[in-house]
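# Structure at a glance
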Amino acid sequence: MPEPLPVPELLALDRAHVWHPYGPMPGRAEPLVVESASGVRLRLAEPVHGQRELIDGMASWWSAIHGYNHPVLNAAARDQLERMSHVMFGGLTHEPAVRLAARLVEITPEPLRHVFLSDSGSVAVEVAVKMCLQYWRSAGRPAKRRLLTWRGGYHGDTWQPMAVCDPDGGMHRLWSGALPRQIFADAPPAAYEESYAEHLRELVARHADELAAVIVEPVAQGAGGMRFHSPGYLRVLREACDAHGVLLVFDEIATGFGRTGTLFAADRAGVSPDVMCLGKALTGGYLSMAATLCTAEIADGISRGEVPVLAHGPTFMANPLAAAVAGASVDLLLAGDWAREVERLESGLRKGLAAAEGARGVAEVRVLGGIGVVELDHEVDMASATRAAVRAGVWLRPFRNLVYVMPPYVMDDADLAQVCEGVLAAAEAG
Ligand SMILES: *Cc1c(COP(=O)(O)O)cnc(C)c1O
């Protein structure tokens, strides 16, 4: 092991050389240096605003549902590391991937049968889109290659996903003309409205000849605006897609594995998609891995086509280390009472965030499952909001006009109450 870098030197090198998400170069804001993490706490390399440890309200962007440094996941990683951390997946296979795929088929909605394991959520969405386009090409309908989604969505940062992210909040303006032009419905209202259902039906019907698929985040939209909507709209989409020969893709990369209160958000509507994307919490936040699941009909269609293979194969496909940890994470989730834990988070968030309701600068407070959102009526001042949260001993990462949390499921009531205090402090300061 090399000697640890002194913090000032580490930060200087970081600033000089290292990109951060959506950051400029050199970096403007100074990131906090994390030395280690355990349970629901991040340990900083040195105290910041008097805090050496922060309670993590973000679960590292939806992923660390069991908390950090979990003995069961550590053991799975260590055990697999001693066998092999990676082998190519072309012409070879291995138990961690096979077990994981079979497990995912078992727990996801019934018609999903086949699993493509890739290395990140954005790639899982790319694969989903490729599956849909290739399905229609194989069926002799190559004109069906556009996508329909609703505004306010987020599906990742690579090319196809960017094209279905919210056109105002996303990168569309920067890339207009370069991105494929997709079809956008209005953002889904929170409650069920027949006029909005009709809007969805009308768009699917009007564009059916050119539509390969409808792709949406079911029930909760994440990084596009942290908005929730009635599951009834998913049934409307399923019916419209079936009526007009359009595939339905659910991007459950954020909502999967219990976050909204059901194991998958699709379960809340009783609707099965043709394709489903999973990621984020798949490995319990340990390693980068994602999955794209599809029905037998799609797989058969592709495999009977002019190019009778799914033409995709990343170098690190089905990485054994990630697959082993993912398998352990899913087992750990299902062995515990995740539904009660998420319910407990939901009531703790409702109670803890209630004080923001009607406060100055607050537009709306909303909670669903293990997701809590304080929407401000103005763009958040990141620096002061972050400072206020850190002073309260909490790690948050607000964006746009949103201060939000999705804590690890294992967070106890006292820590959750403190996280809510942090959100209130950040919302007030930001
Ligand atoms: C995070 C996210 C993605 C992208 O996943 P990455 O692993 O960041 O590439 C796609 N869709 C949704 C709904 C997400 O929340």
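That block above? That's the structure.
Analysis parameters
- Residues numbered from 1 in each chain as written.
- Predicted model: local features only at pLDDT ≥ 70, side-chain atom pairs only at ≥ 80, totals over all residues.
- Heavy atoms only, no water.
- Helix = DSSP H or I, 4+ residues; strand = E, 2+ residues; numbered from the N terminus.
- Rg over C-alpha atoms; globule rule 2.2 N^0.38 Å.
- Buried < 20%, exposed > 50% of the residue type's maximum accessible area, 1.4 Å probe, protein only.
- Contact = heavy atoms within 4.5 Å.
- Areas by Shrake-Rupley, 256 points an atom, 1.4 Å probe, with all protein chains shown as cover.
- Phe/Tyr/Trp six-rings, centres within 6.5 Å; stacked < 30°, edge-to-face > 60°.
- Pairing = 2+ DSSP bridges.
- Near = heavy atom within 4 Å.
- Polar contact = N/O pair within 3.5 Å; in protein donor to acceptor, adjacent residues only side chain to side chain.
- Nonpolar A, V, L, I, M, F, W, Y, C, P; charged D, E, K, R; others polar.
- Patch = residues over 30% accessible without salt bridge, like charges linked within 9 Å, V, L, I, M, F, W, Y side chains within 5 Å.
- Salt bridge = Lys/Arg side-chain N within 4 Å of Asp/Glu carboxyl O.

## Notes on the overall build of the chain
In terms of regular secondary structure, the chain is built from 15 helices and 16 strands. In terms of overall dimensions, the chain is globule-like: its C-alpha atoms have a radius of gyration of 22 Å, near the 22 Å expected for 430 residues. Each of the three principal axes of the chain carries a C-alpha extent, and together these read 65 × 55 × 45 Å. Taken over 430 residues, the chain has a buried fraction of 53%. Long-range pairs, those at least 24 residues apart, make up 70% of the contacts in the chain with a sequence separation of at least 6. As displayed, the chain offers around 19000 Å² of accessible surface, 53% of which is attributable to carbon and sulfur atoms.

## Observations regarding the packing of aromatic side chains
Overall, the coordinates contain 6 aromatic pairs when judged by the stated rule. When the centroid spacing of 5.0 Å and the interplanar angle of 80 degrees are considered together, the rings of Y135 and W136 count as edge-to-face. Classification of Y135 as buried rests on a relative accessible area of 11%. The exposure class of W136 is buried, given its relative accessible area of 10%. Taking the centre distance of 5.3 Å and the plane angle of 70 degrees together, the rings of W159 and W175 count as edge-to-face. Residue W159 is located in helix α6 (residues 159-163), and its partner W175 is located in helix α7 (residues 172-175); the two are separated by 16 residues in the primary sequence. Residue class for W159 comes out partly exposed when judged on its relative accessible area of 36%. One aromatic cluster is present, formed by Y192, Y196 and Y233 through successive ring pairs.

## A short note on the pairing of strand β12 (residues 290-295)
With respect to burial, β12 is a largely interior element, 6 of its 6 residues being buried. Burial along β12 is two-sided: the residues A290, T292 and C294 and A291, L293 and T295 are all buried. When strand β4 (residues 112-118) meets β12, the two strands line up antiparallel, connected through 6 bridges. Within β12, the position partnered with V115 by the bridge is L293.

## Thoughts on the site of the ligand
Every residue near the ligand is listed here: S120, G121, S122, Y154, H155, G156, E217, D251, I253, A254 and K280. A distance of 2.6 Å separates an oxygen atom of the ligand from a polar atom in the side chain of S122. The contact in question runs from an oxygen atom of the ligand to an N or O atom on the side chain of K280, over 2.6 Å. About the coverage of the ligand: the protein hides 83% of its 380 Å² of free accessible area. The class makeup of the residues in the shell around the ligand is 3 nonpolar, 5 polar and 3 charged.

## Quick notes on a nonpolar patch on the surface
A surface patch of nonpolar side chains, about 320 Å² in accessible area, is lined by W159, L174 and W175. W175 sits in the partly exposed class, given a relative accessible area of 33%.

## Quick look at the pairing of strand β3 (residues 51-56)
Inspection of the sheet shows strand β2 (residues 41-48) paired to β3 by 4 bridges, in the antiparallel sense. Bridge pairing in β3 links R41 to I55. Hairpin geometry of β2 and β3 is characterised by an intervening segment of 2 residues between the two adjacent antiparallel strands and by a positive phi of about 45 degrees at H49. Across 2 bridges, the pairing between β3 and strand β15 (residues 394-395) is parallel. Across the sheet, D56 pairs through a bridge with W395, a residue of β15.

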